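Chain by chain, the residues run as shown.
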Amino acid sequence: MASASTKAVTTQLILKPVTTFKGHGDDINSISYFPDGQRIISASDDKTTRQWDLKKGKEIEDARVVFENWVRAVVVSRDGRWIVTGGGHYDRAELKVCEVEIGNVKIFKGHAGRINCIDISSDSTLLASGSHDQTARIWKLKTGKLVAGPFKNIGYVGAVRFSKDSKKLAVKSGWGKSLEVWDIQSQKLDVSIGKHDHIGALIAPVFWTNNNKTIIAGFGFDSDEAKTIYEFDASTLETVGVPFEGHIKVVRGLALSLDGTLLASTSADSTIKLWAFESRQLLASFDIRTTFPLFLSPDSRQLIYATYDHNHNHNDLEICICDTPPDILTEARIIARKKSARRNLPNSNATRHPPAGLRKPQIYPIPIAPRPPPARDPQQPAFLRLSKFLRFSSRANAVDPVRNNQPRDPLDFPATLPLPSDRPPAECSPSTSLPSGRAFFGKGKQKARGPKRESVKVVDVPLGQATPGDEVGVDDGVRPYVVFFCLSWFQKKEKKPARRPVYDDDSESDEEEENVVQPVVVSPWVQHEEIELKPVVNQSRPETGPSLLAATNYSEVESS
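The rules we used
Residues numbered from 1 in each chain as written. Predicted model: local features only at pLDDT ≥ 70, side-chain atom pairs only at ≥ 80, totals over all residues. Heavy atoms only, no water. Helix = DSSP H or I, 4+ residues; strand = E, 2+ residues; numbered from the N terminus. Contact = heavy atoms within 4.5 Å. Pairing = 2+ DSSP bridges. Axes fitted to C-alpha atoms, helices over the stretch in contact; angles between N-to-C directions. Phe/Tyr/Trp six-rings, centres within 6.5 Å; stacked < 30°, edge-to-face > 60°. Buried < 20%, exposed > 50% of the residue type's maximum accessible area, 1.4 Å probe, protein only. Lys NZ or Arg CZ within 6 Å of the ring centre and 35° of its normal. Core = buried A, V, L, I, M, F, W, Y, C linked by side-chain atoms within 4.5 Å. Salt bridge = Lys/Arg side-chain N within 4 Å of Asp/Glu carboxyl O. pLDDT = per-residue confidence, 0-100.

Per the secondary structure count, the protein chain includes five helices and 27 strands. Across the protein chain, contacts joining residues at least 24 apart in sequence account for 47% of those joining residues at least 6 apart.

Printed below as a string of C-alpha cells:
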C-alpha cells in the first residue's frame, strides 16, 4: 500500500552515537529508563541486568544482578519504586519484582514458560506479563496476587501493553501475526485479528494512541512479514489511516514519544527510521548495523538502541545512545500541531452548531412607541427655555444689600475695617478686587465644591466699650487666629500745659490778650479729647499674638 505521505527518503543518513556502553556477554534484549532520566537498566541473555550512569558514561557495578536464566525483559515503574524483570528458559518462567527503596525481591509464580514481555500500568499498581506458554496475566505489584488471567493467546506472546486508563490490555503475538484486546475487569476478549503463530517470540512492542482509541503495532497480514506498521481502531481492530511503509524486512523494534508526535522503528533491514506520527511522513532513515531493541528517552531528545550480532561476537555487543536530530524532532511536532488544529476546526465554536434541542429560542424585537417631541412656545424667549436646564440666578430674586444711610459717629465703626490712613481721602484709591483669569474665562480644572461654610459674623463693638480681650471675629476654621481689638491706637493724648500769659504794663493790651482765644492743637490721631478711655484692670492682655500692636507716644510725634 503505497502513499505519497510515506515516500522513502532518498538520502541515507548516518546516526553517530554520543555514548556507548559495553559489558554484556550476550544479546541485549531490553532497555528501560529510570524516571530521573540519568540512568538506564538493560537485560541480557548473559543472565544479568546492569545499570548505567548516563552522565559518567559507565556501569554502576554495585547495581548488577545475576539471574538463573536468560533475562528477556526489564521495566522500571514511572514512580521509580519498582523494577520488574522477566525471563527464564523455554519451559521455565522467572518473574521477579524488586522494591527499590528496601531492596525486597518477590517472585511471581504462575507461568509455565519463559517470560517474553512485561508492562506496568501508568499508576504503578498493576503488572502485565506475556509468556512463551501463550498466555498473558495481570498481577498486583504490591502483593504479587494474580488479578486477571490467564488470557489465552493463539501464539507465543511477544508484546503486552496497558491502556492509559488501565482498563484494557493489548496482546500481540511474537512475530506480529495476531492482535487481541482484553477487558481486564470482565476478563473477556473484546476483539482479535490474525492467525496462529508458531514462530518463536520476537519482542516488538505495541502502543495505545489517541486517548486509548487506537493501537500502533507492526503487523503482517496473511503470509506477509510484519514489516509494515499499522494503526488499528481499538474497538474493531480495523486499520485507520495510511500505514507506515518503508521497511523491507520484519520490524524488530518500535518506540513512540510520550507526546505522540515522533515514531521510531528498527528492522532486520539494518535501518532506523523516524516518522511524523500524525502525517505518516518519513522524516529520516539511518543505516545501522543489526539492532534489536529501540527506545526513546522521556524527552525524546535521545535515541537508544542495542546492536545484535548473528555470529555471536560478544565484543561487538554494545548499547548506543544518540542525539535525536533537533530539526527532525521540531518538524514532527509542527506537523502534529497543524494536524491537531485542522482536526479541531470542525468542532470549534465558530463552525459548530448546537443541537436542535439545545438551541436558544429566537428573540423577537419589541416595538417601542416613539416619544413625542417636547412642546415649545415660539413666543417664549430662549433664555427662559434654557433656564429650565441651566441653573441661573434670576435678577428678580436677587436681594440688594441693605445700606444704612443714617449718619453715625466717626468713631463708631466696625473693628474689622482697616485702620485709617495718614493720606488724605483723595489720595486713597478704592480697592476693587477683580476676578482672576481662571474665574473669568472658566478655563482650567475646577475644584470640587466642599460643604458650604457658614458666613463669618461681624460684631460691631462700640469704641467706648472695647477692651483688649474683646473678640471681634468668629473662628470659622479657616483663619488660624481671631482678631482682637487693640486700644493702644486710641490712647488719650497727653494735654500740653497752657502757655502762661506775659503781663505788661499796658493794661489795655493785657486785657485784649486775655480775651484772645488760644487755638488748641489737636493731634490728627485724636478727634475728641473729652473722651477718656480707661483700660480694664482686671482683664489681662495677651503677651504675644499677631493682633497686638505696639503703642505709639503721640506727644513725641507731635513735638518732632
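The four strands are arranged β2-β3-β4-β5 in an open sheet whose pairing can be described as antiparallel. The open sheet has two free edges, formed respectively by β2 (28–33) and β5 (58–66), since each of these has just one partner strand. Across the sheet, the mean angle from the axis of one strand to that of its neighbour is 20°, orientation sign disregarded. Two elements, β2 and strand β3 (residues 39–44), share five bridges in a ladder whose sense is antiparallel. Following the sheet pairing, Ser32 is matched in β3 by Ile41.

For the structure shown, the criterion picks out 11 aromatic pairs. Consider the rings of Phe108 and Trp139, whose centres lie 5.5 Å apart with planes at 35°: the pair is tilted. With Phe108 in the loop between β9 (104–107) and β10 (115–120) and Trp139 in strand β12 (residues 135–140), this pair connects stretches of sequence that are 31 residues apart. Geometrically, the ring pair formed by Phe244 and Trp275 is edge-to-face, given 5.6 Å between the ring centres and 85° between the ring planes. In this pair, Phe244 sits in the loop between β20 (228–233) and β21 (251–256) while Trp275 sits in strand β23 (residues 271–276), placing the two residues 31 residues apart along the sequence. Note on Phe244: relative accessible area 1%, which makes it buried. A relative accessible area of 0% places Trp275 in the buried class. Each residue in the set Phe219, Phe221, Tyr230 and Phe232 is aromatic and connected to the rest through ring pairs, giving one cluster. The ring of Phe34 has Arg39 sitting right over it, with the charged end atom 4.0 Å from the ring centre. The cationic tip of Arg280 hangs over the ring face of Phe277; the distance from NZ or CZ to the ring centre is 5.5 Å.

If you look at the biggest cluster of nonpolar residues, it comprises 21 residues, and the most contacted ones within it are Leu262, Leu283, Leu303 and Tyr305. Taken together, the elements giving at least two residues each to this core come down to β22 (262–267), β23, β24 (281–287), β25 (291–296), β26 (302–307), β27 (319–323) and α1 (326–344). Top element by residues in this core is α1. It accounts for four residues. Setting aside anything within four residues of it in sequence, one finds Leu262 in contact with Ala255, Leu256, Ser257, Leu274, Trp275, Leu283, Leu296, Thr324, Ile328, Leu329 and Ala332. Counting residues in each nonpolar core, the second largest holds 15 residues, with Ala170, Leu179, Val206 and Leu237 among its members.

Another aspect to go through is the environment of Lys213. Mapped onto the elements of the fold, Lys213 is located in the loop between β18 (207–209) and β19 (214–219). Along the primary structure Lys213 and Ala234 are separated by 21 residues, whereas in three dimensions their C-alpha atoms are 5.4 Å apart.

In terms of burial, β19 is largely enclosed, as six of its six residues are buried. A two-sided burial pattern is seen for β19, the buried positions comprising Thr214, Ile216 and Gly218 on one face and Ile215, Ala217 and Phe219 on the other. Bridge count between β18 and β19: three bridges; the pairing is antiparallel. Paired with Phe207 across the strands is Ile216, a residue of β19. Bridge count between β19 and β20: six bridges; the pairing is antiparallel. Its bridge partner lying in β20, Ile216 is registered against Glu231.

Moving on: the pattern of salt bridges. One pass over the structure, following the stated rule, counts 14 salt bridges. The shortest N-O distance in the salt bridge between Asp190 and Lys168 comes to 2.6 Å. Placement of Asp190 in strand β17 (residues 188–194) and of Lys168 in strand β15 (residues 168–173) is noted, with a sequence separation of 22 residues between them. Assessed through its relative accessible area of 42%, Asp190 is described here as partly exposed. Overlapping salt bridges bring together Asp46, Arg50, Glu59 and Arg64 as one network.

Our next topic: the sheet that holds strand β6 (residues 70–76). Read from one edge of the open sheet, four strands run β6-β7-β8-β9, paired in antiparallel fashion. The open sheet has two free edges, formed respectively by β6 and β9, since each of these has just one partner strand. Pairwise comparison of adjacent strand axes, ignoring direction, gives a mean angle of 20° for this sheet.

As a further point, take the side chain of Ser166. Within the fold, Ser166 resides in the loop between β14 (157–162) and β15. Relative accessible area serves as the criterion here: at 14%, Ser166 is assigned to the buried category. Beyond its immediate sequence surroundings of up to four residues, Ser166 is in contact with Ser121, Ser122, Asp123 and Ile184.

Glancing now at the environment of Arg289. Considering the arrangement of structural elements, one finds Arg289 in the loop between β24 and β25. Sequence separation between Arg289 and Asp269 is 20 residues, and the spatial gap between their C-alpha atoms is 8.9 Å.

Within strand β7 (residues 82–89), seven of the eight residues are buried, which leaves it mostly tucked inside the rest of the structure. Bridge count for β6 against β7 is six bridges, and the pairing is antiparallel. By the bridge assignment for β7, Val75 is matched with Val84. With antiparallel pairing between neighbouring strands as the criterion, β7 and strand β8 (residues 92–99) make up a hairpin whose turn holds two residues.

Looking now at the environment of His89. With respect to the element layout, His89 can be found in strand β7. Exposure remark for His89: the relative accessible area of 26% places this residue in the partly exposed category. Spatially, the C-alpha atom of His89 lies 6.8 Å from that of Gly113, the residues being 24 residues apart in sequence. Ignoring any residue separated from it by four or fewer positions in sequence, one finds His89 in contact with Asn69, Trp70, Gly113 and Arg114.

With that out of the way, let us pick up the confidence of the model for the protein chain. Across the protein chain, pLDDT averages 74, with 56% of residues at or above 70. Under a pLDDT of 50 for its full length, residues 437–448 has, in the predicted model, five contacts with residues more than four places off or in other chains. Confidence drops under a pLDDT of 50 for residues 538–560, and excluding neighbours within four residues, the segment shows 26 contacts in the predicted structure.

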